[in-house]
Amino acid sequence: MNDRHDPVIPIPTESSEALSQVRAAALARFRSETVVVSWRRQAALLIAGVSGVTLIGALVVAVLQGPAPGILLRVPILVALLAAQAMAVWGFMSPRRSLWAQAAGGLAIVAGVGILALRGPGGGPQGAMGGFICSMSHLAVGLVPLGMVLGGLREAAWSPVRALTGGVALAGAGLLWGEIACDRGMAHVITHHFGAAVVLMAACWVLSRWLPVRSNAR
Amino acid sequence: MTLVQQMWTTTPLGDVVAPDPSVEDDRLMAQFCIGHEAAFDEIYRRHATSVHSFLRRMVGQPDLADDLLQNTFFSVVRARGRYLPGTSLRSWIFTIAANTARDARRRARVRADLVRAHGVDEGSVDPIHPDPPAARALQQALADLPDDQREAVLLHKMQGLGFAEVAEVLGISVGAAKVRAHRGYEKLRARLGALEETT
């Protein structure tokens, strides 16, 4: 043990009783938590869960409402959104300061630009109610993924980067559904789709900061 | 043969060679992950005292430090699947301890009114073990440092971690760790210099 001490500062008198009590408590915890799940397995399960919910929801919307016109043109964007979502989950679950989080953010921005480019400038909101419904749907479809992402974020110490990356994963779900169900113009997308995505990201940040974590590991 | 004895290797000429720390850490953690209590005990024996000392200096309250040590080792148990083989176990545990202390201080700030109502003075000097005046002044000066600088100073100066390890624990670059510690030392020097002049 390379533990050196400044002679000016007295070493606090370590309470062996306290150390023994902590050891006993930690050992009891160790005996009760026998299953070790690697972070990779947790991340893979979370990706399956978040992507699965997003895809199932998208299928339901497509079947019930019928896909938006020109959906085939948007397939690359849908793929990019799903990839960004998966990369974001992997990024915030990883104990390393990995490039996945940055890559997910970059891909999400590219997908956002693509969404705007394909929508074009026209076709604004068709009345306040139409836009409101889109925003509410966006928020509603993000609720289940929000719960899943918060569960994943709680597995390790909170950090701004992790919270933001979790938000990117959430934003992906709503944006993907929006691409399938809505064909309105750029102004509508910015206000009601991107706006709702920002609200979800903010909710993810605030809730993850507030909820107690299950471990303070990185 | 005990777990620790197994980690020492013997050359063909019979010389006993100390193990590579990271290999040793990996073996300990591997045993820990498959449920060996001996591995847990060894990890606890090696790191609990220095982590406890770090936490006491970080929060200045012995009882709170005991709670944080417990939370730190609960996190070690819970998050053992997040340990990355090939990395320093000491840095990993100190990272958890630093995060635990930071989280506790943040939550204490949020509950500041409640804490004040119960008469707990955050960052106060341990009342059970009165220190000599110089040490008390230094401990108070440490408590007055911003969290990030205090962490860097304590980890480097008191716990003996190299700047590379300090950087790993705090999740910053080596350069940033040096800057934080340097700024902390400068503030300590200024504060203690001013105290000396007044006495």
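In short, a report on the structure. Just so you know, these numbers come straight off a predicted model, no measurement behind them.

**Brief notes about helix H1 (residues 16-32) of chain A**
Residues and elements named next belong to chain A.
Next, step 1: Here H1 is 17 residues long and its end C-alpha atoms lie 24 Å apart, about the 24 Å a rise of 1.5 Å per residue gives.
Next, step 2: Restricting attention to buried positions, one finds in H1 the residues Ala18, Leu19, Val22, Ala26, Leu27 and Phe30. In an axial view of H1, the angular spread of the buried residues amounts to 165°, which keeps them on one side of the axis. Counted as exposed and oriented over 90 degrees from the buried face of H1: Glu17, Gln21 and Ser32.

**Examining the environment of Met58 of chain B**
All names here are of chain B.
Next, step 1: Tracing the sequence through the fold places Met58 in helix H3 (residues 37-59).
Next, step 2: Look at Met58 and you get buried, because its relative accessible area is 2%.
Next, step 3: Separated by 44 residues in sequence, Met58 and Arg102 have C-alpha atoms that sit 9.0 Å apart.
Next, step 4: Excluding residues that lie within four positions of it along the chain, Met58 makes contacts with Ala101, Arg105, Arg150, Glu151 and Leu154.

**Regarding helix H4 (residues 62-78) of chain B**
Next, step 1: When the terminal C-alpha atoms of H4 of chain B are compared, their 24 Å separation across 17 residues agrees well with the 24 Å that a helix rising 1.5 Å per residue should span.
Next, step 2: Among the residues making up H4 of chain B, those that are buried are Pro62, Ala65, Asp66, Leu68, Leu69, Thr72, Phe73, Phe74, Ser75, Val76 and Val77 of chain B.

**As for the layout of surface pockets**
Next, step 1: In this structure, the largest pocket encloses a volume near 1,000 Å³.
Next, step 2: Lining the largest pocket are 38 residues, with Ala157, Trp158, Ser159 and Pro160 of chain A together with Leu170 of chain B positioned closest to its centre.
Next, step 3: Taken together, the elements giving at least two residues each to the lining of the largest pocket come down to helix H3 (75-93), helix H4 (99-119), helix H7 (160-181) and helix H8 (186-210) of chain A together with helix H5 (89-110), helix H8 (147-158) and helix H9 (163-170) of chain B.
Next, step 4: No other element matches H5 of chain B, which puts seven residues into the lining of the largest pocket.

**Comments concerning the interface of chain B and chain A**
Next, step 1: The partner chain A presents 49 residues to the 53 residues of chain B that form the contact.
Next, step 2: The contact between chain B and chain A buries some 4,700 Å² in all, and 55% of this surface belongs to carbon and sulfur atoms.
Next, step 3: Here chain B is connected to chain A by four salt bridges.
Next, step 4: Asp41 of chain B is the salt-bridge partner of Arg23 of chain A, the closest N and O atoms lying 2.7 Å from each other.
Next, step 5: Linking chain B with chain A are 15 residue pairs in polar contact (both at pLDDT 80 or more), by the criterion used here.
Next, step 6: Secondary-structure elements contributing two or more residues to the side of chain B that touches chain A are helix H2 (21-33), H3, H4, H5, helix H7 (133-144), H8 and H9 of chain B.
Next, step 7: Its residues assigned to classes, the side of chain B that touches chain A shows 19 nonpolar, 18 polar and 16 charged.

**Let's talk about the pattern of salt bridges**
Next, step 1: One pass over the full model with this rule turns up 18 salt bridges over all chains.
Next, step 2: Its salt-bridge partner being Arg180 of chain B, residue Asp148 of chain B comes within 3.9 Å of it at the nearest N-O pair. Here Asp148 of chain B, found in helix H8, pairs with Arg180 of chain B, found in helix H10 (residues 174-198); they are 32 residues apart in sequence, far enough to count as distant.
Next, step 3: On the basis of relative accessible area, Arg180 of chain B is assigned to the partly exposed category, the value being 23%.
Next, step 4: Within the structure, one salt-bridge network assembled from shared partners comprises Arg74, Arg119 and Glu179 of chain A.

Cut-off values and rules
Residues numbered from 1 in each chain as written. Chains lettered and ligands numbered in written order. Predicted model: local features only at pLDDT ≥ 70, side-chain atom pairs only at ≥ 80, totals over all residues. Heavy atoms only, no water. Helix = DSSP H or I, 4+ residues; strand = E, 2+ residues; numbered from the N terminus. Expected span 1.5 Å × (residues − 1). Buried < 20%, exposed > 50% of the residue type's maximum accessible area, 1.4 Å probe, protein only. Arc of directions from axis to C-beta. Contact = heavy atoms within 4.5 Å. 1 Å grid on protein atoms, 1.4 Å probe; cavity = no way out; pocket = protein on both sides within 12 Å on 5 of 7 lines; lining within 4 Å. Points joined across faces, edges and corners; volume = space filled by probe spheres on them. Buried area = accessible area lost by both parts, 1.4 Å probe. Salt bridge = Lys/Arg side-chain N within 4 Å of Asp/Glu carboxyl O. Polar contact = N/O pair within 3.5 Å; in protein donor to acceptor, adjacent residues only side chain to side chain. Nonpolar A, V, L, I, M, F, W, Y, C, P; charged D, E, K, R; others polar.

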